[in-house]
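# Structural description and commentary
Chain residues, written in single-letter form:
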Amino acid sequence: VVGMAHAGWRGLVAGVLPNTVATMGRTFGSRPADLVAGIGPCIGVCCYEVGQEVSNRFDPADVRTGADTDCSPHVDLAAAAARQLRAAGIPAERIDHAGHCTSCLSDRYFSHRRDRGGSGRIGALIGLRAA
């Protein structure tokens, strides 16, 4: 079984990732411990400044504040996604992250936030390999 879910901040807060893992279990008998998860490129904590109303909806471990963030909260979406996947039963060693900030890497990625509403598209492929 293969699945893909998109989870921006609203999706993360709504539980898209644990719901996807649970649905794969109910529908296909997938066991979370056997799943492999990938977190694709996303805006990084370095660039994802949010208001208190958004940051309050995340686990405090996924929010950075202080001198290094100009005192405004910054949310680490990739860390929040990984935390949710682990809580859903996927072992940490089976969760991979691209580690690319889409806002910083303007030569590689579009960023709605960086480009002030301008957009492009990022594609992703997933597949199964025969054993």
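Everything numeric in this text was worked out from a predicted model, so none of it was measured. (Residues numbered from 1 in each chain as written. Predicted model: local features only at pLDDT ≥ 70, side-chain atom pairs only at ≥ 80, totals over all residues. Heavy atoms only, no water.)

### Here we look at the overall build of the protein
Which entries qualify depends on this criterion: Counting from the N terminus, the helices are DSSP H or I runs at least four residues long and the strands are E runs at least two residues long. Within these notes, the globule rule equals 2.2 Å times the number of residues to the 0.38 power, and the radius of gyration is based on C-alpha atoms. For every residue, the accessible area (1.4 Å probe, protein chains only) is compared with the maximum for its type, and the residue is labelled buried under 20%, exposed over 50%, or partly exposed between those bounds. Two residues qualify as a contact provided that any one of their heavy atoms is within 4.5 Å of a heavy atom in the partner residue. The Shrake-Rupley method, run with a 1.4 Å probe, gives the accessible areas here. Residue values count only the displayed protein chains as cover. Neither His nor the chain ends contribute to the count of charged residues, in which Lys and Arg are positive and Asp and Glu negative. The atoms used to mark charge sites are NZ of Lys, CZ of Arg, CG of Asp and CD of Glu.
Broken down by element type, the protein carries four helices and four strands. Its helices and strands taken in sequence order, the protein reads α-α-β-α-β-β-α-β from the N to the C terminus. Here the protein has a C-alpha radius of gyration of 16 Å; the compact-globule value for 131 residues is 14 Å, and the two agree. With respect to the principal axes defined by its C-alpha atoms, the protein has extents near 45 × 30 × 25 Å. Within the protein, the fraction of its 131 residues that count as buried is 32%. Look at the contacts in the protein between residues 6 or more apart in sequence, and 60% of them connect residues 24 or more apart. Total accessible area computed for the protein in this model is approximately 8300 Å², and 52% of it derives from carbon and sulfur atoms. With 14 positive and 12 negative side-chain charges, the protein shows a separation of 7 Å between the mean positions of the two kinds.

### Focus: a nonpolar patch on the surface
For the record, the criterion: Only residues whose relative accessible area exceeds 30% and that form no salt bridge enter a patch; like-charged residues are grouped when within 9 Å of one another, and nonpolar side chains (Val, Leu, Ile, Met, Phe, Trp, Tyr) when within 5 Å. Whenever Lys or Arg places a side-chain nitrogen within 4 Å of a carboxyl oxygen from Asp or Glu, that contact is recorded as a salt bridge.
On the surface, V2, M4, I126 and L128 cluster together into a nonpolar patch covering about 400 Å² of accessible area. In this structure, M4 sits in the segment before α1 (9–14).

### Notes on the packing of helix α2 (residues 16–28) against helix α4 (residues 77–87)
Threshold: With axes taken as lines fitted to C-alpha atoms, and helix axes fitted only over the stretch in contact, angles between N-to-C directions fall between 0 and 180 degrees. Working rule for handedness: look at the near helix, and if it is turned counterclockwise from the far one by less than a right angle, call the crossing left-handed; if clockwise, right-handed. Put simply, Ala, Val, Leu, Ile, Met, Phe, Trp, Tyr, Cys and Pro go in the nonpolar bin, Asp, Glu, Lys and Arg in the charged bin, and everything else, Gly too, in the polar bin.
Close contact between α2 and α4 brings their axes to 8 Å; oriented N to C, the two are set at 30 degrees. Handedness of the crossing formed by α2 with α4: right-handed. Packed against α2, whose contacting residues are L17, P18 and V21, the element α4 presents A81, Q84 and L85 at the interface. Residue classes in the contact of α2 with α4 are distributed as five nonpolar, one polar and no charged.

### Here's the deal with the layout of surface pockets
Cut-off, in case you're wondering: Residues are said to line a cavity or pocket when one of their atoms sits within 4 Å of a point; the points come from a 1 Å grid over protein atoms alone, cavities being sets where a 1.4 Å probe fits but cannot get out and pockets being open sets with protein on both sides within 12 Å along at least five of seven lines. Grid points are joined across faces, edges and corners, and a volume is the space filled by probe spheres set on the points.
Considered as a void within the structure, the largest pocket measures approximately 1600 Å³ in volume. Elements with a minimum of two residues in the lining of the largest pocket: α1, α2, β1 (37–39) and α4. When its residues are assigned to classes, the lining of the largest pocket shows 29 nonpolar, 14 polar and four charged.

### Re α2
Convention followed: What a helix should span is 1.5 Å times the count of its residues minus one. Note that the arc is defined by the directions from the helix axis to the C-beta atoms.
For α2, which comprises 13 residues, the first-to-last C-alpha distance of 17 Å matches the rise-based estimate of 18 Å (1.5 Å per residue) to within 8%. Those residues of α2 that fall on the buried side of the exposure criterion are L17, V21 and M24. Across the axial projection of α2, the buried residues extend over an arc of 60 degrees, all falling on one side. Residues of α2 that are buried make contact with α1 and α4. G29 sits one or two residues past α2 and shows a positive phi near 75 degrees.

### Considerations on the state of the cysteines
Heads up, the condition is: Any pair of cysteine sulfurs within 2.5 Å is marked as a disulfide.
Using the criterion set out here, one finds zero disulfides in the structure. C104 provides the cysteine sulfur closest to C46, a residue in no disulfide bond, and the two sulfurs are 3.6 Å apart.

### Details of the pattern of salt bridges
Inspection of every chain in the model, using the stated rule, returns four salt bridges. Put simply, R31 and D34 hold a salt bridge, and the shortest N to O gap is 2.8 Å. Using a relative accessible area of 43% as the deciding quantity, one classes D34 as partly exposed. The partner of D76 in a salt bridge is R64, with the nearest N and O atoms 3.5 Å apart. Of this pair, D76 sits in the loop between β3 (74–75) and α4 while R64 sits in strand β2 (residues 63–64); the two residues are 12 residues apart in sequence, bridging distant segments of the chain.

### Some remarks on the nonpolar core
Put simply, the rule reads: Each nonpolar core is a collection of buried residues, namely Ala, Val, Leu, Ile, Met, Phe, Trp, Tyr and Cys, held together in the definition by side-chain atoms within 4.5 Å.
With 25 residues, the main nonpolar core has F58, L77 and L85 as its most contacted residues. Secondary-structure elements contributing two or more residues to this core are α1, α2, β1 and α4. When residues no more than four places from it in sequence are discounted, the contact partners of L85 are L17, V21, A37, I39, I90 and I95.

Fair warning: the whole summary comes from geometry, so function is off the table for now.
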